[in-house]
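Working through the structure, step by step
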Amino acid sequence: MAYHLAMSILSSSAQRLSRAGRAPIRWLTGWGHIIFFGATVLVLAMTPSSYARPTREALMRHIYVDTAPILPWFTTLCALLTLVITRIVVVTAYSYGLSQYALEMVIRVLVLELIPLTAAMFVALRCTIPNGAALAEMRRLGHFDTLRSRGQDPVVTQVLPRALAGIFATLTLAALSCVVALVLAYLAVYGATAAGLGPYTHVFGHVFNPAVSLIFVIKTLCFSLAVSVIPMASGLYDLEGDGSRESAALQGLVRMFAVLLLLEAASLAGNYS
């Protein structure tokens, strides 16, 4: 009895060690698939032959579905957030005699950092992660094999439109919300008058110098790629899960959140170092 118990314990320990030893390999393989998938999507997006009629129709449909329903709500949310944060910062700055830095702080916090990250997370939770889970479900049910039997490439007809729609939605939400935030910040500080245009444009130019503007554009573009590519790749490959929608969604969320944090940290280091 003791011998069998000891052998059982040793066997279970060996299995756990074996799984632990394979974990880094699965982790590296997963990220390798994500990088390969991202490169494939970029190549397909720049290839004119990818945009046949089924792909164009699916792309237009996903762009509308992933952008139009959330655009008014997200813009309204950013407007309210801008008014609240601007009021808090301005009042606090006046109380400490630092009113000359209030507007610059609002632009840096909202436009440079908060709105692009919020737009990316909003699109991910609303669109790209559910789309990645839907791809995992389609793959599990054999829909991809059915498309291949009909002579269609599922990556071109099903995956590419969803990925491009996610990129478009992220860039659109971030760009429009930044413009709304800049306008509302001006109105909150100077009111409905043109007297503050000179000081405001001076502060805006001071914040958005060429280096900061380049970092802002690159960061927003990388955010859009991350929230589109990673959930789709997790839905297509799902190496560490059971192939279900929930497993693909969880993997996509964890990996995407890690990449967004790294991108935001790199952006902060570039802007303020």
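Worth saying up front: this structure is predicted, and the values here are computed from it rather than measured. (Residues numbered from 1 in each chain as written. Predicted model: local features only at pLDDT ≥ 70, side-chain atom pairs only at ≥ 80, totals over all residues. Heavy atoms only, no water.)

**A short note on the overall build of the chain**
Rules: Each helix is a run of H or I in the DSSP string that is no shorter than four residues. Each strand is a run of E no shorter than two, and both are numbered from the N terminus. Each residue gets one of three labels from its accessible area relative to the maximum for its type: buried under 20%, exposed over 50%, partly exposed in between, using a 1.4 Å probe on protein chains only. In what follows, a contact means two residues having at least one pair of non-hydrogen atoms within 4.5 Å. Working definition of accessibility: Shrake-Rupley area with a 1.4 Å probe, residue cover restricted to the visible protein chains.
The number of helices and strands found in the chain is 9 helices and 0 strands. Counting the 273 residues in the chain, one finds 42% classified as buried. In the chain, once contacts between residues fewer than 6 apart in sequence are set aside, the share between residues at least 24 apart is 81%. When the accessible surface of the chain is split by element, carbon and sulfur atoms take 72% of a total near 14600 Å².

**A look at a nonpolar patch on the surface**
For clarity, the threshold we go by: Patches in this entry comprise residues that are over 30% relatively accessible and not in a salt bridge; like charges within 9 Å are linked, as are nonpolar side chains (Val, Leu, Ile, Met, Phe, Trp, Tyr) within 5 Å. What counts as a salt bridge is simple: a side-chain nitrogen of Lys or Arg found within 4 Å of a carboxyl oxygen of Asp or Glu.
Judged by side-chain polarity, L81, M105, V109 and L114 come together as a nonpolar surface patch covering roughly 290 Å² of accessible area. At 3 residues, helix α4 (residues 102-141) tops the list of elements feeding residues into the nonpolar patch. The residue M105 is located in helix α4 in this model. The partly exposed category is assigned to M105, whose relative accessible area is 45%.

**Digging into the environment of A136**
Position of A136 among the secondary structure elements: in helix α4. Separated by 96 residues in sequence, A136 and M232 have C-alpha atoms that sit 8.5 Å apart.

**Describing the packing of aromatic side chains**
Selection criterion: Between rings of Phe, Tyr and Trp, where Trp is taken as its six-membered ring, a pair exists when centres lie within 6.5 Å; planes separated by under 30 degrees are stacked, by over 60 edge-to-face, and by other angles tilted.
Overall, the coordinates contain 5 aromatic pairs when judged by the stated rule. Judged by centre distance (4.8 Å) and plane angle (25°), the rings of F204 and F208 are stacked. On the basis of relative accessible area, F204 is assigned to the partly exposed category, the value being 30%. For F208, a relative accessible area of 15% puts it in the buried group. Arranged with centres 5.8 Å apart and planes meeting at 90°, the rings of F208 and F216 form a pair that is edge-to-face. Each member of the pair F208 and F216 is classed as buried. A connected cluster of aromatic rings, assembled from ring pairs, spans Y186, Y190 and Y200.

**Some details on the environment of T86**
What counts here: Here a polar contact is recorded for every N or O atom pair within 3.5 Å, except that within protein the pair must consist of a potential hydrogen donor and a potential acceptor, and residues adjacent in sequence are included only if both atoms are side-chain atoms.
Assignment of secondary structure puts T86 in helix α3 (residues 71-95). Residue classification places T86 among the buried residues on the basis of a relative accessible area of 1%. Each C-alpha atom of the pair T86 and L110 lies 9.2 Å from the other, and the pair is 24 residues apart in sequence. When neighbours within four sequence positions are excluded, T86 is seen to be in contact with V106, L110, A185, A188 and V189. Within the structure, the side chain of T86 is placed 2.6 Å from the backbone oxygen of T82, a separation counted as a polar contact.

**With respect to the confidence of the model for the chain**
Let me state the cut-off plainly: Every residue carries a pLDDT, the predictor's confidence in it, which falls somewhere between 0 and 100.
Considering every residue of the chain, the mean pLDDT works out to 81; 85% of them sit at 70 or more. In this model residues 1-7 is a low-confidence stretch, pLDDT under 50, and it forms 0 contacts with partners more than four residues away in sequence or in other chains. Note that residues 17-21 has pLDDT below 50 and, in this model, 1 contact with residues that lie over four places away or in other chains.

**Points about the packing of helix α6 (residues 154-190) against helix α7 (residues 197-207)**
Applied cut-off: Inter-axis angles, ranging from 0 to 180 degrees, are taken between N-to-C directions of lines fitted to C-alpha atoms, where helices are fitted over the stretch in contact. An angle below 35 degrees is treated as roughly parallel, one above 145 as roughly antiparallel, one from 65 to 115 as roughly perpendicular, and anything else as oblique. With the far helix as reference, a near helix turned anticlockwise by less than a right angle produces a left-handed crossing, and one turned clockwise produces a right-handed crossing. Side-chain classes are defined by residue name, with Ala, Val, Leu, Ile, Met, Phe, Trp, Tyr, Cys and Pro counting as nonpolar, Asp, Glu, Lys and Arg as charged, and the others, Gly among them, as polar.
Their axes nearest at 11 Å, the elements α6 and α7 cross at an angle of 135°. With respect to their mutual orientation, α6 and α7 come out oblique. Judged by the sense of rotation from one axis to the other, the crossing of α6 with α7 is right-handed. Residues L182, V183, Y186 and Y190 of α6 lie in contact with α7, whose contacting residues are L197, P199, Y200 and F204. Here the residues of the contact of α6 with α7 sort into 8 nonpolar, no polar and no charged.

**Some thoughts on helix α2 (residues 53-67)**
The cut-off we apply is this: Here, expected helix span is obtained from the residue count minus one, scaled by 1.5 Å. The directions considered for the arc run from the helix axis to the C-beta atoms.
For α2, with 15 residues, the first-to-last C-alpha span of 21 Å sits near the 21 Å given by 1.5 Å per residue. Every buried residue of α2 is accounted for by T55, A58, L59, H62, I63, D66 and T67. In a view along the axis of α2, the buried residues occupy a sector of 135°, so they form one face of it. In α2, the exposed positions angled more than 90 degrees off the buried face are occupied by R53, M60 and Y64. Its buried side turned inward, α2 meets α3, α4 and α6.

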